[in-house]
Amino acid sequence: MKKEIIINAAANQTRIAITEDGRLAEIFVETANKDRMVGDIYFGKVAKVMPGIKAAFIDIGLTQDGFLHFSDIGNRFEEYAAMLGDEDGAEEETAEEKLAVAGGVDAEGSTVDQPQSDPLVPQAQPSGRPPRRDNGRGPHRDVKLERGQDIIVQIIKEPVGKKGVRVTSEVSLAGRFLVLLPFDDNIGISKKITSFKEKRRLRKIASGILPEGFGAIIRTVAEGKDDDSLKNDLEGLVKTWREIEAGVKTEKPPALLFKDLSTTSSVIRDLFSNDVTRVVVDTKKLHKEICTYIKYTSPQLLDKIELHKDRRPIFDTFGVEKELENTLARKVWLKSGGYIIIEPTEAMVVIDVNSGRYAAKKEQEQNSLRTDLEAAREICRQLRLRDMGGIIVCDFIDLDDERNKRKVFEELKKEFRKDRAKITVLPMTEFGLVQITRQRIRQSIVHSFTEQCPACGGTGLVQSKTTTMNQLDRWIRRFKTETKEFRVELHVNPEVALTLTEGFNSRLRKLMLRNFIWINIASDPSVAIGEFKVISLAQNKDVTNQFN
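Attention in this report is confined to the structure presented alongside it. Residue numbers restart at each chain and count upward from 1, following the sequence in its written direction. The predicted nature of this model means local features are confined to residues of pLDDT at least 70 and side-chain atom pairs, given and counted, to a pLDDT of 80 or more, with totals for whole chains, interfaces and linings taken over all residues. As a rule here, side-chain values cover all heavy atoms of the structure and leave hydrogens and water aside.

Topic: the pairing of strand β10 (residues 178–182)
Part 1 of the argument: Buried residues dominate β10, accounting for five of its five residues.
Part 2 of the argument: Three exposure classes are used, based on accessible area relative to the maximum for each residue type with a 1.4 Å probe and protein chains only: buried under 20%, partly exposed in between, and exposed over 50%. Where helices and strands are cited, they refer to DSSP runs of H or I of at least four residues and of E of at least two residues respectively, numbered from the N terminus. With burial as the criterion, each face of β10 is covered, one bearing L178, L180 and P182 and the other bearing V179 and L181.
Part 3 of the argument: If DSSP finds at least two bridges between two strands, the strands pair. Bridge count between strand β9 (residues 173–174) and β10: two bridges; the pairing is antiparallel. Bridge pairing in β10 places L173 opposite L180.

A few points about the environment of S526
Part 1 of the argument: With respect to the helices, strands and loops of the structure, S526 is situated in the loop between β23 (518–523) and β24 (532–536).
Part 2 of the argument: For S526, a relative accessible area of 63% corresponds to the exposed category.
Part 3 of the argument: Residues S526 and N493 lie 33 residues apart in sequence; the distance between their C-alpha atoms is 7.1 Å.
Part 4 of the argument: By the criterion applied in these results, polar contacts are pairs of N or O atoms within 3.5 Å in which, for protein atoms, one can donate a hydrogen and the other can accept it, and in which residues neighboring in sequence qualify only through two side-chain atoms. A polar contact of 2.6 Å, which involves the side chain of S526, links it to the side chain of D524.

As for helix α5 (residues 263–271)
Part 1 of the argument: Of all nine residues in α5, eight are buried; the element is thus mostly enclosed.
Part 2 of the argument: For α5, the set of buried residues is T263, T264, S266, V267, I268, R269, D270 and L271.
Part 3 of the argument: The contact rule is simple, with two residues in contact once any of their heavy atoms fall within 4.5 Å. Residues of α5 that are buried sit in contact with β1 (3–9), β2 (13–20), β3 (23–31), β9, β14 (278–281) and α6 (284–297).

Considering the nonpolar core
Part 1 of the argument: Only buried Ala, Val, Leu, Ile, Met, Phe, Trp, Tyr and Cys residues count toward a nonpolar core, and they belong to the same one when joined by side-chain atoms within 4.5 Å. Ranked by internal contacts, the top residues of the largest apolar core, which has 31 residues, are I41, L173, L180, I218 and W241.
Part 2 of the argument: Secondary structure elements with two or more residues in this core: β4 (41–50), β10, β11 (187–189), α3 (196–209), β12 (214–218), α4 (227–250) and β13 (255–258).
Part 3 of the argument: Apart from residues lying up to four places away in sequence, L180 is in contact with V171, S172, L173, L210, F214, G215, L234, L237, V238 and W241.

Quick word on the sheet that holds β12
Part 1 of the argument: With mixed pairing, four strands are arranged side by side in an open sheet as β9-β10-β12-β11. The two strands at the open ends of the sheet, each matched to only one other strand, are β9 and β11.

Examining the layout of surface pockets
Over the atoms rolls a probe the size of a water molecule, and its path tells where empty space is left.
Part 1 of the argument: Definitions used throughout: a 1 Å grid over protein atoms alone; a cavity as a set of points that fits a 1.4 Å probe which cannot get out; a pocket as an open set with protein on both sides within 12 Å along at least five of seven lines; a lining residue as one with an atom within 4 Å of a point. Grid points are joined across faces, edges and corners, and a volume is the space filled by probe spheres set on the points. When its volume is computed, the second largest pocket comes out at roughly 450 Å³.
Part 2 of the argument: Taken together, 17 residues make up the lining of the second largest pocket; nearest its centre are R23, R377, E378, R381 and E415.
Part 3 of the argument: For the lining of the second largest pocket, the elements supplying multiple residues, two or more each, are β3 and α9 (364–386).
Part 4 of the argument: It is α9 that contributes the most residues to the lining of the second largest pocket, six residues altogether.
Part 5 of the argument: Each residue is assigned to one class: nonpolar for Ala, Val, Leu, Ile, Met, Phe, Trp, Tyr, Cys and Pro, charged for Asp, Glu, Lys and Arg, and polar for all the others, Gly among them. Across the lining of the second largest pocket, the residue classes tally to six nonpolar, no polar and 11 charged.

Quick look at the side chain of S266
Part 1 of the argument: Turning to its location among the elements, S266 is positioned in helix α5.
Part 2 of the argument: Excluding its chain neighbours within four sequence positions, the residues that come into contact with S266 are R36, L261 and L271.

Topic: the packing of aromatic side chains
Part 1 of the argument: Working definition: a ring pair exists when centres of Phe, Tyr or Trp rings (six-membered ring for Trp) sit within 6.5 Å. Plane angles under 30 degrees give stacked, over 60 give edge-to-face, the rest tilted. If you walk through the whole model with that rule in mind, you get eight aromatic pairs.
Part 2 of the argument: Aromatic pair F57 and F67: ring centres 5.6 Å apart, planes at 70°, arrangement edge-to-face. Of this pair, F57 sits in strand β5 (residues 55–59) while F67 sits in strand β6 (residues 66–69), and the two are 10 residues apart along the sequence.
Part 3 of the argument: Here W475 and F547 contribute two aromatic rings whose centre-to-centre distance is 5.6 Å and whose plane-to-plane angle is 85°, an arrangement assigned as edge-to-face. Here W475, found in helix α12 (residues 465–482), pairs with F547, found in the segment after β25 (541–542); they are 72 residues apart in sequence, far enough to count as distant. As far as burial versus exposure is concerned, W475 and F547 are alike and both buried.
Part 4 of the argument: Each residue in the set W475, F479, F532 and F547 is aromatic and connected to the rest through ring pairs, giving one cluster.

What follows is the structure, given as structure tokens:
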């Protein structure tokens, strides 16, 4: 597979596109007023403890407090507490809990060595009961947190909608080849490194260079690297951790102890590996910065970095701009003539698959299967591209043959293995529904390019003009019943004003005659179609809410 990283840097926005075989697979957007937050480490203070939801809220100096679920409180809490001068801590962890602390995943989304299982399918429970959905949370532990207590936390999920950031007390520092785990003695290795001999070599190097009391996850890009490369990376991470320890002693909470790399730098650090064909950048400054970093960490990749010199915009040259426009579309067409409808809601994302114009064969089952298989591939691509997370329900075209349902399920599993996010897929139900959960770290990419419509409030619907005029009629009746006033000024949207005044025997004239009142119409574009504002001329004030 031909994989490329295309970077477009502008004054106020940087866009990073990842293409696979010439098609847009992922997009990252970084703006001047919105920094990347995942990975940032804060010295915070417990603002509220809520045992009922097994969570605490941590004041880290942001607009909203960080959300800390009890399962995100690391098993090395005692060592972190001692670092803050508090000797009270949690109980000793089990070996299984240590592995859970590392998350089972390296920074590229590669799983760490664990017992073999399909990461996309929930495993059956010993009791025979259906698997419990745990939202990615580990086993519940008794924790002791008190309001006002100092705590070190790291952001693991950016704010989504009205929710604040999600944090963990199990801090880690990501480098090019290693992820450093303070106060841990576990060494994990990316499962994407398949050679047993290479795993043993890397584990031996890591155990030889790790300081006492530290653990690490060896990342995929470390494969084939020598001792010095890993040692230099580790030394930089340990130095950063020592600076964090020093900051704890001098700072007062809430305070930022460590700021992780920008979006562009983190993409190069985490995703630029041997499987990437090339990296193309359209600014000399950024090109020089990337070359300097890669020359130090992975000099063999230096030849893959190119500067875009064409006067034509870089995203136009690689066909990214046109595909990017489609990420905002509700309807996505398939090559066969079918299409999918993507509907994000407050609680989940709903995707509907339709056959559209496709009817190549007479057999309905084969038509449906081909459309469903193509839709499955496109759904996986769109979820990655739009970075949609949470609960996703896909309504596929009904299939009668259980073998065909299994084919669609297997196609989804195969395509989702390209995704770095943690994903669970359940088999297709008798109604043709497939339930998916996808790890959500930041807001969907759609929020980077759009904002809520002021007219419809994001619903896509506005109140009809007829309904607005009926509401106005009822308002006038209440106003006349409770007052003796005869003159008002009515502020409405220009479209409503036109409808009210249209024709000699207009609706406005009928309204005035029916209620024995004089109404001055004021056309106001700032008033939504479904709203109106009434000014009492006798009182010279807005009386709209008084009679609603």
